[in-house]
Amino acid sequence: MDLDRFKLVNDSLGHAAGDQLLVEASRRFQECLRSTDTLARLAGDEFAVLAEVQDPADPARIAERLIEALRPPFLLNGEEVYMSASIGVAVGDWTRRPEDLLREADTAMYRAKAAGRNRYQYFEEAMHLEAVRQLHLEGEIRRALERGEFVLHYQPVVRLQDQVPVEMEALIRWRHPRDGLRLPAEFLEAAERAGLGPTLGAWVLGEACRQARAWATRIPQSPVVVSVNLSASQVQDPQLPDRLTAAFQTTGASPRTLRLEVSERVLASLPPEALHRLGRLGSLELGVHVDDFHNSLAPDLLQWLPIRALKVPWAVISTSPEPRQAAHRLLTGARDRRIPVVVKGVEDPQALEEVAAMGFEYAEGFAIARPMDPEAATAYLLGVNGR
Ligand code: C2E
Ligand code: CA
């Protein structure tokens, strides 16, 4: 607990007045504590209260009482002086080290001050844990890259009229030695925050190219294209074209067999230089997919980029007030620009029928196939092509 602006009193009314205030404040604090609580003055205008509590709401009650106790003005040198305090609250059991609890209370107290003083703030364990977790995950991701623990699974996009796969979307998985298969939601954000986005992305590009090349060799009758999801940091990475060229060179994959998926949200927020870089990828014969398309992209963007497909989540269509009209609008808009539409996230057979009935030509989702490991994906491709 820190008195707010105590220094002001000291400087204006003198040290004697300051001391008087400290004594009076201590007395008021003591009055709102139980005899079993400990009140200490740590230094200057810094106090600490150690209280044993039962109810999780008790610390807040104590803090409120302490703040309330300062509300009546102090009479110093015949002047009414108003004082307030900022309080940080740390809760822990007897296994916690006192210095750790004090440090946490201190952290919380500074937050209370920053939030405008005259208030209390609990130490947020969650934030501390989050920081520790992030640091740990970061190290784990780096090691996982070195140890080759990442894999790509593949989910087909099919042409609805004959169920032929036209494309395989690469989806990253982490074969964690302890936790088993981890999904991107569990680690991609941490990787991005750690600045590992482009590194992880480069691995994905290389691996996707290697697989595209392997399929092109093994299943020549199926011109399968592999699509790769790009994160915002990857799209903004000035080295992206170089990384792509390197991936094509080392794997022997043709750029024509690779598609880059960038979400509409990311595309809409790109600075011009990143957009131009993406635009120039067209000269590599690379195609771009607009992922999670909601029909709100500026038309000039669509013209600028080598866009090969718009991927629209089925939920966007099915939950719109008039699904059939929404589908119609989408399809006519795309047809005018000669861009195919893929409906993604089609989960059940009924939805798949609706998608086809609405006139869409391509779909992706659990109703068709779940993402498969490379072996299963190869078997799937061989199976469909052998039909
Ligand atoms: P996304 O690009 O929208 O990919 C589709 C996600 O939906 C995948 O989740 C897929 O498994 C899941 N999915 C497919 N069909 C269905 C369905 O019918 N119903 C439902 N409920 N879900 C379906 P996943 O693999 O967990 O990936 C999540 C997101 O992580 C992806 O969303 C993508 O944005 C990102 N991601 C995945 N792999 C990579 C990668 O290699 N690099 C980057 N930057 N992002 C990736
Ligand atoms: Ca995608």
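This write-up is about the structure you can find in this document. A quick note: this is a predicted structure, and the numbers were derived from the prediction, not measured.

Where helix H1 (residues 6-13) contacts helix H2 (residues 15-31), the two axes come as close as 6 Å, and the packing angle between them is 140°. Taken together, the axes of H1 and H2 are oblique relative to one another. On H2, the residues that touch Phe6, Val9, Asn10 and Leu13 of H1 are His15, Ala17, Gly18, Leu21 and Leu22. A breakdown of the residues in the contact of H1 with H2 according to their chemical character gives 6 nonpolar, 3 polar and no charged.

Moving on, we come to the packing of helix H7 (residues 197-218) against helix H9 (residues 240-251). Between two packed helices, the angle of one axis relative to the other and the distance separating the axes together describe the packing. Where H7 contacts H9, the axes come no closer than 9 Å and their chain directions differ by 35°. Relative to H9, H7 is oriented so that their crossing is right-handed. Counted together, Pro198, Ala202, Leu205, Gly206, Cys209, Arg210 and Arg213 of H7 and Leu240, Arg243, Leu244, Ala247, Phe248 and Thr251 of H9 form the full contact between these two elements.

It is worth spelling out the site of ligand 1 at this point. As a structural note, the neighbourhood of ligand 1 is formed by 20 residues, with Gln155, Arg173, Lys344, Glu347 and Phe366 the closest of them. Lys344 places a polar side-chain atom, nitrogen or oxygen, 2.5 Å from an oxygen atom of ligand 1. Contact with the protein chains covers 74% of the free accessible surface of ligand 1, which is 790 Å². Sorting elements by how many residues they give to the shell around ligand 1 places strand S9 (residues 164-176) first, with 4 residues. Of the residues that constitute the shell around ligand 1, the class distribution is 9 nonpolar, 6 polar and 5 charged.

What follows covers the side chain of Glu364. Summarising the element assignment, Glu364 is placed in the loop between strand S16 (362-363) and helix H16 (374-386). Glu364 sits in the buried class, given a relative accessible area of 2%. Within the local environment of Glu364, its side chain forms a polar contact with the side chain of Lys311, the two groups lying 3.0 Å apart. Beyond its immediate stretch of four places on either side in the chain, Glu364 contacts Gln155, Pro156, Val157, Glu169, Lys311, Val342, Val343, Lys344, Gly345 and Val346.

Here the focus is the coordination of the calcium ion (ligand 2). Think of it this way: four donors in a tetrahedron around the metal ideally sit 109.5 degrees apart, and six in an octahedron ideally sit 90 or 180 degrees apart. The protein atoms that coordinate the calcium ion (ligand 2) are Glu169 (OE), Asn229 (OD1), Glu261 (OE) and Asp291 (OD), at distances spanning 2.2 to 2.4 Å. As a motif over one chain, the donors of the calcium ion (ligand 2) read E-x59-N-x31-E-x29-D. Of this pair, Asn229 sits in strand S11 (residues 225-229) while Glu261 sits in strand S12 (residues 258-263), and the two are 32 residues apart along the sequence.

Attention now moves to the packing of aromatic side chains. By the definition in use, this model includes 7 aromatic pairs. Each ring, one from Phe150 and one from Trp203, has its centre 6.3 Å from the other, and the planes form 50°; the classification is tilted. Of the two residues, Phe150 sits in strand S8 (residues 150-159) while Trp203 sits in helix H7, which places them 53 residues apart along the sequence. Judged by relative accessible area, Phe150 falls into the buried class, the value being 4%. Taking relative accessible area as the criterion, Trp203 reaches 25% and is therefore assigned partly exposed. Chaining the aromatic ring pairs together yields one cluster made of Phe150, Trp174, Phe187 and Trp203. The positively charged end of Arg182 is found above the aromatic ring belonging to Trp174, 4.7 Å away from the centroid.

Turning next to the pattern of salt bridges. The tally for this structure, following the rule as stated, stands at 29 salt bridges. For Arg147, the salt bridge identified is with Glu149, shortest N-O distance 3.9 Å. A residue is classified by how much of its surface remains accessible, and Arg147, at 55% relative accessible area, is exposed. Using a relative accessible area of 13% as the deciding quantity, one classes Glu149 as buried. Salt bridges sharing common partners tie together Glu24, Arg27, Arg28 and Glu31.

This brings us to the environment of Pro313. Residue placement: Pro313 occurs in strand S14 (residues 307-313). As for Pro313 and Glu99, which are separated by 214 residues in sequence, their C-alpha atoms are 52 Å apart. Filtering out sequence-adjacent residues up to four positions away, Pro313 remains in contact with Asp292, Phe293 and Lys344.

Looking now at the pairing of strand S2 (residues 38-43). Here 5 bridges tie S2 to strand S3 (residues 46-50), and the two strands are oriented antiparallel to one another. Each residue of the ladder has a partner; that of Thr38, found in S3, is Leu50.

If you trace the backbone, Glu361 turns up in the loop between helix H15 (349-357) and S16. Glu361 sits in the partly exposed class, given a relative accessible area of 47%. It is 9.8 Å that separates the C-alpha atoms of Glu361 and Leu331, two residues lying 30 residues apart in sequence. Residues contacting Glu361, with those up to four places away along its chain left out, are Val158, Arg159 and Leu160.

Cut-offs applied
- Residues numbered from 1 in each chain as written.
- Chains lettered and ligands numbered in written order.
- Predicted model: local features only at pLDDT ≥ 70, side-chain atom pairs only at ≥ 80, totals over all residues.
- Heavy atoms only, no water.
- Axes fitted to C-alpha atoms, helices over the stretch in contact; angles between N-to-C directions.
- Helix = DSSP H or I, 4+ residues; strand = E, 2+ residues; numbered from the N terminus.
- Parallel < 35°, antiparallel > 145°, perpendicular 65-115°, else oblique.
- Contact = heavy atoms within 4.5 Å.
- Nonpolar A, V, L, I, M, F, W, Y, C, P; charged D, E, K, R; others polar.
- Left-handed = near helix turned anticlockwise from the far one by under 90°.
- Near = heavy atom within 4 Å.
- Polar contact = N/O pair within 3.5 Å; in protein donor to acceptor, adjacent residues only side chain to side chain.
- Areas by Shrake-Rupley, 256 points an atom, 1.4 Å probe, with all protein chains shown as cover.
- Buried < 20%, exposed > 50% of the residue type's maximum accessible area, 1.4 Å probe, protein only.
- Donors = N, O, S within 2.8 Å, 3.2 Å for Na, K, Ca; no water.
- Phe/Tyr/Trp six-rings, centres within 6.5 Å; stacked < 30°, edge-to-face > 60°.
- Lys NZ or Arg CZ within 6 Å of the ring centre and 35° of its normal.
- Salt bridge = Lys/Arg side-chain N within 4 Å of Asp/Glu carboxyl O.
- Pairing = 2+ DSSP bridges.

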